[in-house]
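Here is how the chains run, residue by residue.
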Amino acid sequence: MYRQEVPQYGTLIELVRDVNEEVMAADPALKARLEAADELSRLDVERHGAIRLGTAEELFNIRRMFATMGMAPVGYYDLSVAGLPVHSTAFRPTTTEALSRNPFRVFTSLIRLELLEDRALAAEAEEILSRRAIVTPRCLELIAEGEAQGGLTRAQAEEFVAEALETFRWHSDATVTAGTYARLAAEHRLIADVVCFRGPHINHLTPRTLDIDAVQARMPERGIAPKAVIEGPPRRAVDILLRQTSFKALEEPILFPGEGGSNGEEGTHTARFGEIEQRGVALTPLGRDLYDRCLAEARSRAAVGATGEGAEDYMDALAAAFIEFPDDADRLRREGLAFFRYRVAGPLPEGVEPVAEAVEDLLAAGALVADPQTYEDFLPVSAAGIFQSNLGTDAQSNFDETANQDVFEAALGCAVTSETALYRDVEETSLTEALAALAGGAG
Ligand code: OOG
Ligand code: NI
């Protein structure tokens, strides 16, 4: 659906596929590693997308809709730190099995009308939002049936998918007059994007590339205008976390209803774009602290301006700041900076006990292998950069925190899952199982 709606996204997918194929052809070892870690089969289906919601009730129902598909809210991202009136989570699968089949994630933001200074406008926005229903009545019925039955039958699932699709569709007809749109957009363009339409249209989808620098460099060849800088860590030998870049949102024609049922007025809106990402290993809290410090250091040395000026200096500052971040998988593991998954790769060597204290010996002897765990989540500073570039500026902004996870979770109707706990659990369980298998004579 999105590819039909935004043809340039289809062009981006083709570019990503070409680059991924070239990278794997040039680096058979990388291809083998992806295959061994069960990452290759998911590469072609790997995506994330994003939506923006208007009310607590919408977030509550969307949480139930994603739960029907086996996706849970993971993480809390406060974007008010970047001057954006939203906070967010990511709906995604949480088990290793589900992630390896299809790790699709939806970055989901809720606007925070309480942060608007113009209280009358906030009340008006709330009133407009109270009139829309973003999930079809039939879809709500199916979600409730799924909750009661503990899942859907195949026939119900097919109907559910068709109904759920309606929620994410683009509507070029605004629900408010051009005047109201202009007042909301003047307050914040994100607010207008959410409040003035019938539903939370998908605003971008994001395939995973194996070489984000190559895709960024080659976008213009295919008529795509990339944002000024790649967000996240710099290019490294061992990728960490997440690097992302997007192409600028398209200006699309929209139609406003006229006052009192008169003929509509034409206008334009920019909301929808495409993004690419390159994922690396998930970091432990220790690694994440180091990442945050290196990033802050780079941003204090060089900043990108509104039209992308300073982009090269910023990328240089980023590379310089990350020199202190170990760039070797073994060091990342030994220094407790990143999360891994253990598996048996050979027999238990003579004289070594299959216990956690002997992990280094077991790895050295080839009895165990530690594969990096892919980071499945998002980064608030990067997300802010993606938002901003698609609101019309490449400028980086700095922060002043007012997170409110409690309000977000109250709207959601449950707590968000901690991403760190998920990675830690996979690491610990994989090690326990691998040691037990070695003790039992596996390998
Ligand atoms: C979401 C922007 C953030 C990411 O990948 O970090 C994002 C939005 O524009 O709604 O998608
Ligand atoms: Ni995104």
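I would appreciate a short explanation of the site of ligand 1 in the present structure.
Within the structure, ligand 1 sits among 13 residues, and His48, Arg52, Asn203, His204 and Gln244 are positioned closest to it. Contact between ligand 1 and His204: an oxygen atom at 2.8 Å from a side-chain N or O atom of the residue. Gln244 places a polar side-chain atom, nitrogen or oxygen, 2.7 Å from an oxygen atom of ligand 1. Protein contact buries 100% of the 320 Å² of open area that ligand 1 shows by itself. Considered class by class, the residues forming the shell around ligand 1 number seven nonpolar, four polar and two charged.

Mind showing me how you'd approach the side chain of His201 here?
Tracing the sequence through the fold places His201 in the loop between helix 11 (189–195) and strand 5 (204–207). Residue classification places His201 among the buried residues on the basis of a relative accessible area of 4%. When residues no more than four places from it in sequence are discounted, the contact partners of His201 are Ala50, Ile51, Thr167, Phe168, Arg169, Trp170, Asp193, Ala271 and Arg272.

Quick question: what am I supposed to make of the state of the cysteines here?
One covalent bond between the sulfur atoms of two cysteine residues makes up a disulfide. Using the criterion set out here, one finds zero disulfides in the structure. Cys139 provides the cysteine sulfur closest to Cys414, a residue in no disulfide bond, and the two sulfurs are 18 Å apart. The exposure class of Cys414 is partly exposed, given its relative accessible area of 27%.

Is there a simple way to explain the coordination of the nickel ion (ligand 2) in this structure?
Tetrahedral coordination by four donors puts the ideal angle at the metal at 109.5 degrees, and octahedral coordination by six puts it at 90 or 180 degrees. Taken together, His48 (NE2), His204 (NE2) and Glu275 (OE) make up the full set of protein donors to the nickel ion (ligand 2), lying 2.0 to 2.1 Å away. Sequence positions of the residues that donate to the nickel ion (ligand 2) give the spacing H-x155-H-x70-E. Here His48, found in strand 1 (residues 47–53), pairs with His204, found in strand 5; they are 156 residues apart in sequence, far enough to count as distant. Classification of His48 by relative accessible area gives buried; the value is 1%.

What counts, and where the lines are drawn
- Residues numbered from 1 in each chain as written.
- Chains lettered and ligands numbered in written order.
- Predicted model: local features only at pLDDT ≥ 70, side-chain atom pairs only at ≥ 80, totals over all residues.
- Heavy atoms only, no water.
- Near = heavy atom within 4 Å.
- Polar contact = N/O pair within 3.5 Å; in protein donor to acceptor, adjacent residues only side chain to side chain.
- Areas by Shrake-Rupley, 256 points an atom, 1.4 Å probe, with all protein chains shown as cover.
- Nonpolar A, V, L, I, M, F, W, Y, C, P; charged D, E, K, R; others polar.
- Helix = DSSP H or I, 4+ residues; strand = E, 2+ residues; numbered from the N terminus.
- Buried < 20%, exposed > 50% of the residue type's maximum accessible area, 1.4 Å probe, protein only.
- Contact = heavy atoms within 4.5 Å.
- Disulfide = S-S within 2.5 Å.
- Donors = N, O, S within 2.8 Å, 3.2 Å for Na, K, Ca; no water.

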